[in-house]
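# A structural walkthrough
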Amino acid sequence: MRHVYIIGTGATAVGEHWERGAASLAIEALTGALGTIPASRLGALYVASALSGTLHAQSQIGALIATAAGIPGVEAVTVEAGGASGGVALRQACMAVASGAVDLAAVVGVEKVTDVLDARREAALALATDADWEAIQGITLTALWALLMRRYMHEYGYIADDFAPFPINAHANGVANPHAMYRFAITADKVRSAPMVAEPLGLLDCSTAADGAAAVVIASEGLARELCASPVRIAGSAVATDTLALHSRPNPLWLAAAAQTTTAALRSAHLTHGDVQVFDVTDPHGITAALALESSGFVERGTAVALAREGALTPKGRLPLATGGGCKARGDTVGANGVYQIVELVAQLRGHAGAAQVDGARVALAQCMGGIGATVATHILTLD
């Protein structure tokens, strides 16, 4: 298998793009990622979108975006895996390039969620749960994470206030991200006094679903060296699944697919947990990030919240997390989250992350999940 490199990235600002459609957002991101490379050179296009078919009655969005990009004959694949869609699409593109099937491919993550009523959007997001045992009962993803937070607090002796460092860190980093939806800092007092959404989750520990598109262009090693001065290698890649229904798991606080993909991605990259210097995981809530870090083996079970309180998540800490603002400050673009993660981590490895830069970062981990970890994609990026 050949080495695979990222040679270009692009993204739109995350927000409420009332006046624009998914194709318009996707083309802006793709154009930025391609730079001076003609779109006609692409051998394949992978489009990640979790909700286009549900919210906008538009399937085959891959073909739609290929046509809008002026390459209607290209092999275009649409990928849907809930919030893991972007990471799964990147995995498919990596396999295509590594196998030699294509030399140059693009991955676009795009989501349009704000121009529908809240009830319809919540119903669409709930599709990432088990339809027969969870969604039909009216439970939402936020409510499920709240249940897990309550269980975590019970098992490890925390209170809701202890989770505040997660959104505080995300917002502090989001200030430096021009693509972030919420570019302002928050305090522990504000987190504590925010209205309750699903107890014990308050408003400032809940992300906002928003519109946006991000894109990456990947290439074989020879082509990458020809087209890019500072390519970033995708050194490890893995996707795994778990049960959709939370009640089917032996331990609800253990995200088995996160554990499996982290181990597999690190093994394929010939690296260890200790080599990773900057992280981006799915983090719509503090509890989500805590369970992702613990299940992935970067901290002991029950310790992620305590480490967050000690400053471990900041760009100067030992577990720099959400340096682009994460789902909380950047905005939750659902199926596009995994591609935004890659855009932001490539900036880190190239030293272009501004005030949120992690000194000397050369190895990064991106992990995105669908639902409550039912699908997880993990990638290891390195600066050779």
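Heads up: these notes are all about the structure in this document. In every chain, residue numbers begin from 1 and rise along the written sequence. The predicted origin of the model limits local features to residues at a pLDDT of at least 70 and limits the giving and counting of side-chain atom pairs to 80 or more, whereas totals for whole chains, interfaces and linings rest on all residues. In computing side-chain properties, one takes all heavy atoms of the structure into account and sets aside hydrogens as well as water.

All right, on to the nonpolar core then. We call a set of buried Ala, Val, Leu, Ile, Met, Phe, Trp, Tyr and Cys residues a nonpolar core when their side-chain atoms join them within 4.5 Å. Burial status follows relative accessibility: with a 1.4 Å probe on protein chains alone, a residue under 20% of its type maximum counts as buried, one over 50% as exposed, and anything between as partly exposed. Counting residues in each nonpolar core, the largest one holds 51 residues, and the members touching the most others are Tyr152 and Leu321. Secondary structure counts use DSSP, requiring at least four H or I residues in a row for a helix and at least two E residues in a row for a strand, with both numbered from the N terminus. When contributions to this core are tallied by element, the ones reaching two or more residues are α6 (141-156), β8 (232-241), α10 (256-269), β9 (278-281), α11 (286-295), α12 (304-309), β10 (363-370) and β11 (375-382). At 7 residues, the largest contribution of residues to this core is made by α6. Residue contacts follow a heavy-atom distance rule, with two residues in contact if any of their heavy atoms lie within 4.5 Å. Setting aside residues no more than four positions away along its own chain, leucine 321 makes contact with Phe166, Asn169, Asn173, Phe279, Asp280, Val281, Ala289, Leu293 and Leu313. Counting 43 residues, the second-largest nonpolar core is a separate cluster that includes Ile6, Ala96, Val102 and Ala210.

On to the pattern of salt bridges. Here, a salt bridge means any side-chain nitrogen of Lys or Arg that lies within 4 Å of a carboxyl oxygen of Asp or Glu. Under the definition given, this model contains 15 salt bridges. With a closest N to O distance of 3.0 Å, arginine 192 and aspartate 161 form a salt bridge. Of this pair, arginine 192 sits in helix α8 (residues 188-193) while aspartate 161 sits in the loop between α6 and α7 (165-174), and the two are 31 residues apart along the sequence. Because the salt bridges share partners, they merge into one network encompassing Lys112, Asp115 and Asp211.

This part takes up the layout of surface pockets. For cavity detection a 1 Å grid was placed over the protein atoms alone, and a set of points counts as a cavity when a 1.4 Å probe fits there but cannot get out; an open set counts as a pocket when protein lies on both sides within 12 Å along at least five of seven lines, with lining residues being those that have an atom within 4 Å of a point. Grid points are joined across faces, edges and corners, and a volume is the space filled by probe spheres set on the points. What the largest pocket holds in volume is close to 900 Å³. Around the largest pocket, the lining comprises 44 residues; the ones closest to its centre are Leu125, Leu141, Ala209, Asp332 and Val334. Of all the secondary structure elements, the ones that give two or more residues to the lining of the largest pocket are α5 (118-125), α6, β5 (196-198) and β10. Ranked by residue count, the leading element in the lining of the largest pocket is α5, at 5 residues.

The relative placement of two packed helices comes down to the angle between their axes together with the axis-to-axis distance. One can describe the packing of helix α1 (residues 22-34) onto helix α3 (residues 61-68) by two numbers: an axis separation of 9 Å at closest approach and a directional angle of 60°. In terms of their interaxial angle, α1 and α3 are classed as oblique. The element α1 and its partner α3 pack so that their crossing is right-handed. The segment α1 lies against α3, with Ala22, Ala23, Ala26 and Ile27 engaging Ile61, Leu64, Ile65 and Ala68. Side-chain classes are defined by residue name, with Ala, Val, Leu, Ile, Met, Phe, Trp, Tyr, Cys and Pro counting as nonpolar, Asp, Glu, Lys and Arg as charged, and the others, Gly among them, as polar. Taken together, the residues of the contact of α1 with α3 sort by class into 8 nonpolar, no polar and no charged. To obtain each axis, a line is fitted to C-alpha atoms, and for helices this fit is confined to the stretch in contact; angles are then taken between N-to-C directions over 0 to 180 degrees. For classification, angles of less than 35 degrees are called roughly parallel, those exceeding 145 degrees roughly antiparallel, those between 65 and 115 degrees roughly perpendicular, and all remaining angles oblique. Each crossing is labelled by how the near helix is turned from the far one, with a counterclockwise turn of less than a right angle marking it left-handed and a clockwise turn marking it right-handed.

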